[in-house]
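# Inside the fold
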Amino acid sequence: LQPLAEGGASCASEAKTSAPGADAEALLSWQGFQRLMLHLGTASSEEEADALFRAAGGAREHGLPWGLALQWLWRNGAGTGWQRSVDLQVRAVVFDLGGVWCSEGSKSIWSKVLPSVPLDRRAEVDRLRKEAWKEARVRPDFPMEQMWRPMLEKAGLNPEEWESYNRSMRASYELYPEVLKLVDELRKNHYIVGVISNHVGDWFWSIFEQNNLSRYFPEPDLVICSSDVCYYKPQQEIFDLFLSRSGLSRDRALRPEECVFIDDTAANVAAAEALGWKGVEFKYASKTGERMDSVEDLVKRLRRKGVLLPETRGAWQEVQATTASCEGLSDTSLRGSTCS
């Protein structure tokens, strides 16, 4: 860090000694950086934030955008106290599927089936559906006919049409382009991306093939469908399997603390965290299609876990805009300032 620190020292020095009439941009840069670092829990003190500013400032002067400069520092462990609150070495971001970057499929298919079922049979049809799902999600050879026939018979529908219903299920999934764009940004910024999903292989791989999703998740070993591996979340084995597979195409396997797991189910997030992963609960849309969390929410939650993207620059600018609204700032007054 020494060359970078030296490169940024003049900028930091100018900011710290700013008085009325001095370079306002340098003052706001230092103040914005300090606020951002303290807000994220990255720096434990103003002195540590100042040291990080000098290093990041040097990286910035060498042509790196602020977001990439911060990411470089984050990954290389600059500073002394960062590990106390934020892991510096996040290397992988792992996604659930349903509710996170793709719909759960049930919105269209079950809304078509259940209304045609007599009221006194609906509970039994739903029970059959849940039982079939529990078995299908952990069996790679589960016959889809076995999924549909009992339900259709109980519902009073033609069981011979099960293939038609299954095709409708495959076609009922909708992607969330906003979230997939974030996946793409993570990948382009050298994060490993993967999937751990509780799903039926017939439907899961149909989603991937129909939408060419390998362009977002290019490592097939890191795309795990529960029915293929006979384990499901929140079981420890499926998380351990992801880690072991991550070592097949690189010099070593990922460690739990290097991974962030995103899921729309709190129990699955808690299971990952209990194993040493970092967990983020996120639900883009409900089963009925209602919008829940925004991608901006997800970016903020990832940032708190140590995942930085060039878009962090937007947060940086927001901090600077906030600090710019404070009047009469000096080096003394901005320390501990409470303006908002």
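Residues numbered from 1 in each chain as written. Predicted model: local features only at pLDDT ≥ 70, side-chain atom pairs only at ≥ 80, totals over all residues. Heavy atoms only, no water.

## Section: the side chain of Asn268
We count it as follows: Every helix listed is a DSSP run of H or I at least four residues long, and every strand listed is a run of E at least two residues long, numbered separately from the N terminus. Contacts are assigned to residue pairs that have any heavy atoms within 4.5 Å of one another.
With respect to the helices, strands and loops of the structure, Asn268 is situated in helix H13 (residues 266–274). With near-sequence residues (within four places) excluded, Asn268 lies in contact with Lys233, Pro234, Phe239, Phe261 and Asp263.

## Notes on the confidence of the model for the protein
Condition: By definition, pLDDT measures how confident the predictor is in each residue, and it falls between 0 and 100.
For the protein, per-residue confidence averages 75 on the pLDDT scale, and 62% of positions sit at 70 or higher. Per-element confidence in the protein ranges from a low mean pLDDT of 31 for helix H16 (residues 331–334) to a high of 98 for strand S3 (residues 223–225). Residue range residues 1–28 is modelled with pLDDT below 50. Its contacts to residues more than four positions away, or to other chains, number 41 contacts. Across residues 59–63, confidence stays below pLDDT 50; counting only partners more than four residues off in sequence or on other chains, it has ten contacts.

## Examining the pattern of salt bridges
The condition that has to hold: Salt bridge, as used here: a side-chain nitrogen of Lys or Arg that lies within 4 Å of a carboxyl oxygen of Asp or Glu.
Summed over the entire model, instances satisfying the criterion amount to 22 salt bridges. Here Lys233 ties to Asp263 by a salt bridge, and the two come within 2.7 Å at their closest N and O atoms. With Lys233 in the loop between helix H11 (226–229) and helix H12 (236–246) and Asp263 in strand S4 (residues 259–263), this pair connects stretches of sequence that are 30 residues apart.

## Looking at the pairing of strand S5 (residues 278–281)
The line we're drawing: Two strands qualify as a pair provided DSSP detects at least 2 bridges between them. By convention a crossover is right-handed if, when the strands point away from the viewer, the path from the first strand over the helix to the second runs clockwise.
Bridging between S4 and S5 involves four bridges; their strand directions are parallel. Bridging from a neighbouring strand, Phe261 pairs with Gly279 of S5. For the crossover from S4 across H13 to S5, the handedness is right-handed.

## Topic: H13
We apply this condition: Relative accessibility thresholds used throughout: buried, under 20% of the residue-type maximum; exposed, over 50%; partly exposed, between the two (1.4 Å probe, protein chains only). Directions are taken from the helix axis to each C-beta atom, and the arc is the one they span.
Taken together, the buried positions of H13 are occupied by Asn268, Val269, Ala271 and Ala272. Around the axis of H13, the buried residues are gathered within 160° of arc, so they sit on the same side. Structurally, H13 contributes buried residues whose contacts are with H12, S4 and S5. Of the residues one or two after H13, Gly276 is the one with positive phi, at around 100°.

## Re the packing of aromatic side chains
Aromatic rings considered in pairs are described by the distance between their centres and by the relative angle of their planes. This is how it is decided: Only Phe, Tyr and Trp rings take part, Trp by its six-membered ring, and two of them pair if their centres are within 6.5 Å. Stacked means planes under 30 degrees apart, edge-to-face means over 60, and tilted covers everything else. Each ring is checked for a lysine NZ or an arginine CZ that lies within 6 Å of its centre and within 35 degrees of its normal; such an atom marks a charge sitting over the ring.
Within this structure, the stated rule accounts for 14 aromatic pairs. Three or more aromatic residues joined by ring pairs make a cluster, and in this case those are Phe95, Trp101, Phe204, Trp205, Phe208 and Phe217. In this arrangement the basic side chain of Arg137 is found over the ring face of Tyr232, its NZ or CZ atom lying 3.8 Å from the centre.

## Looking at the environment of Arg91
With respect to the helices, strands and loops of the structure, Arg91 is situated in the loop between helix H4 (66–76) and strand S1 (92–95). A relative accessible area of 25% means that Arg91 is categorised as partly exposed. Measuring from C-alpha to C-alpha, the distance between Arg91 and Arg255 comes to 9.2 Å, with 164 residues separating the pair along the chain.

## Let's talk about the packing of helix H8 (residues 162–171) against helix H10 (residues 201–211)
Between two packed helices, both the angle of their axes relative to each other and the distance between the axes serve to describe the pair. We apply this condition: To obtain an axis, a line is fitted to C-alpha atoms, over the contacting stretch when the element is a helix, and the angle between two such axes runs from 0 to 180 degrees between their N-to-C directions. In what follows, roughly perpendicular refers to angles from 65 to 115 degrees, roughly parallel to angles under 35, roughly antiparallel to angles over 145, and oblique to any angle outside these ranges. In this scheme the handedness of a crossing depends on how the near helix is turned from the far one: anticlockwise by less than a right angle means left-handed, clockwise means right-handed.
Running from N to C, H8 and H10 point in directions that differ by 50°, and their axes come no closer than 9 Å. In this view, H8 runs oblique relative to H10, as classed from their interaxial angle. Here H8 and H10 pass one another in a crossing that is right-handed. Here Asn166, Met169 and Arg170 of H8 come into contact with H10, specifically with Asp202, Trp203, Ser206 and Gln210.

## Here we look at the sheet that holds S4
Strand order in this open sheet of five strands is S3-S2-S1-S4-S5, and the pairing throughout is parallel. Lying at the two open borders of the sheet, with one neighbouring strand each, are S3 and S5. Taking each pair of neighbouring strands and ignoring which way they run, the sheet shows an average axis angle of 20°. Here H10 sits on the sheet and contacts strand S2 (192–197) and S3; the angle it forms with S3, its principal contact strand, is near 150°. Relative to S5, H13 is tilted by about 170°, and along the sheet it contacts S4 and S5.

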